[in-house]
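Listed below are the residues making up each chain.
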Amino acid sequence: MFTDFNSFNNKKGKVSEKNYTVYGLDILTKNLEKNFFANVTVQSSPVSSSSIDLVINLDCNFTLEETIANLNNNIWGNFVQRKSSLCNSFNLILENNAIDIDIEEFSIFLKDTSIIIKKIYDKSIPEQLEDILNTLSRHHLFFTKGGTEAPYEIYIPVFEEEIFVENQLIEQKETQNFDAKNYNEFWGIYFESEEDALIYDLKHANCIPADLNLQMINQ
């Protein structure tokens, strides 16, 4: 994970990195602010002389439960209007810039929960954001302990090499080629009431103690 980013002025809709300027960020920022009812900041980090990664942060004045309700009612995220979706806005940036640009991290900071989504393959976040949030909606009663406790952080996704539960091994094959399904396998869950992190197993809809050998994607 990057630890040092250079901020840029969202109002100008562009960011300069050495000899490069990224155009179209004003459209992306305005769409995110409008569709997610959020204050949006974007940070950048040069990956090479010809590529830049973006980190997008959304600050929303909702709880997790309110966010899920708004998402289910199609009034948060505005995925119904494809022309203003993250994917479409991001594609406009790609069309108007000669350098390679990707989203390394997309974070949603709610009143009680932070949702951190990491890139796992090229353009994975703009392609998969809607599906990730819909999966979050479908599973929220399971990873909130029946709606009794919201986690203070959800980290998406987590990759693990070995998990031992009650002396039984759940095998996870090592993979070099990540794809969309990897977003729907394991997430990191952090509760104030738990000393250690938990792993949420989406297939079995349950939480696994995180006393295991984790390999989080920190590219």
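Since we're looking at a predicted model, the values are computed, not measured. (Residues numbered from 1 in each chain as written. Predicted model: local features only at pLDDT ≥ 70, side-chain atom pairs only at ≥ 80, totals over all residues. Heavy atoms only, no water.)

### Comments concerning the overall build of the protein chain
The criterion, for reference: A run of DSSP states H or I qualifies as a helix once it reaches four residues; a run of E qualifies as a strand once it reaches two. Both are numbered from the N-terminal end. Working definition: with a 1.4 Å probe on protein chains only, accessible area under 20% of the residue-type maximum means buried, over 50% means exposed, and in between means partly exposed. Note on contacts: a residue pair is in contact if any heavy atoms of the two residues lie within 4.5 Å. Computed by Shrake-Rupley with a 1.4 Å probe, the accessible areas treat only the displayed protein chains as cover when residues are assessed.
Check the secondary structure of the protein chain and you find four helices and 14 strands. Residue burial in the protein chain is summarised as follows: out of 219 residues, 48% are buried. Considering only intrachain contacts with a sequence separation of at least 6, the fraction spanning at least 24 residues in the protein chain is 61%. Total accessible area on the protein chain is roughly 11,500 Å²; 45% of this is exposed by carbon and sulfur atoms.

### A word on the pairing of strand 13 (residues 206–209)
Test applied: The criterion for strand pairing is that DSSP finds at least two bridges linking the strands in question.
Bridge count between strand 12 (residues 198–201) and strand 13: four bridges; the pairing is antiparallel. Among the inter-strand pairings, D201 is bridged to a residue of strand 13, identified as N206. Hairpin connection between strand 12 and strand 13: a loop of four residues separates the two successive antiparallel strands, and A205 in this loop has a positive phi of roughly 55°.

### A few points about the packing of helix 3 (residues 86–95) against helix 4 (residues 124–143)
Which entries qualify depends on this criterion: All axes are obtained by fitting lines to C-alpha atoms, using only the stretch in contact for helices, and the reported angles, taken between N-to-C directions, cover 0 to 180 degrees. Convention used here: angles under 35 degrees read as roughly parallel, angles over 145 as roughly antiparallel, angles from 65 to 115 as roughly perpendicular, and any remaining angle as oblique. A clockwise turn of the near helix away from the far one marks a right-handed crossing, whereas an anticlockwise turn of less than a right angle marks a left-handed crossing. In this count, Pro and Cys sit with the nonpolar residues alongside Ala, Val, Leu, Ile, Met, Phe, Trp and Tyr, while Asp, Glu, Lys and Arg are called charged and the others, Gly among them, polar.
Where helix 3 meets helix 4, the closest approach of the two axes is 8 Å, and the angle between their N-to-C directions is 170°. With respect to their mutual orientation, helix 3 and helix 4 come out roughly antiparallel. In terms of crossing hand, the pair formed by helix 3 and helix 4 is left-handed. In this structure, helix 3 uses L86, C87 and F90 to contact helix 4, whose residues at the interface are I125, P126 and L129. Considering only residue class, the contact of helix 3 with helix 4 consists of six nonpolar, no polar and no charged.

### Section: the packing of aromatic side chains
The following threshold applies: Two aromatic rings from Phe, Tyr or Trp, using only the six-membered ring of Trp, form a pair when their centres are within 6.5 Å; if the ring planes differ by under 30 degrees the pair is stacked, by over 60 it is edge-to-face, and anything between is tilted.
According to the stated counting rule, one finds seven aromatic pairs in the structure shown. Between the aromatic rings of W187 and Y200, the centroid separation amounts to 6.5 Å while the plane-to-plane angle is 45°, which identifies the pairing as tilted. Of this pair, W187 sits in strand 11 (residues 186–190) while Y200 sits in strand 12, placing them 13 residues apart in sequence. In this structure, W187 and Y200 share a single accessibility class: buried.

### Brief notes about the confidence of the model for the protein chain
Keep this limit in mind: The predictor attaches a confidence to each residue, and that confidence, scored 0 to 100, is pLDDT.
Looking at the protein chain, pLDDT values average 80 and 77% of them are 70 or higher. Across the protein chain, the element-wise mean pLDDT spans from 29 in strand 1 (residues 6–7) up to 97 in strand 7 (residues 114–118). Segment residues 162–175: pLDDT under 50, and 18 contacts once partners within four positions in sequence are set aside and those in other chains are kept.

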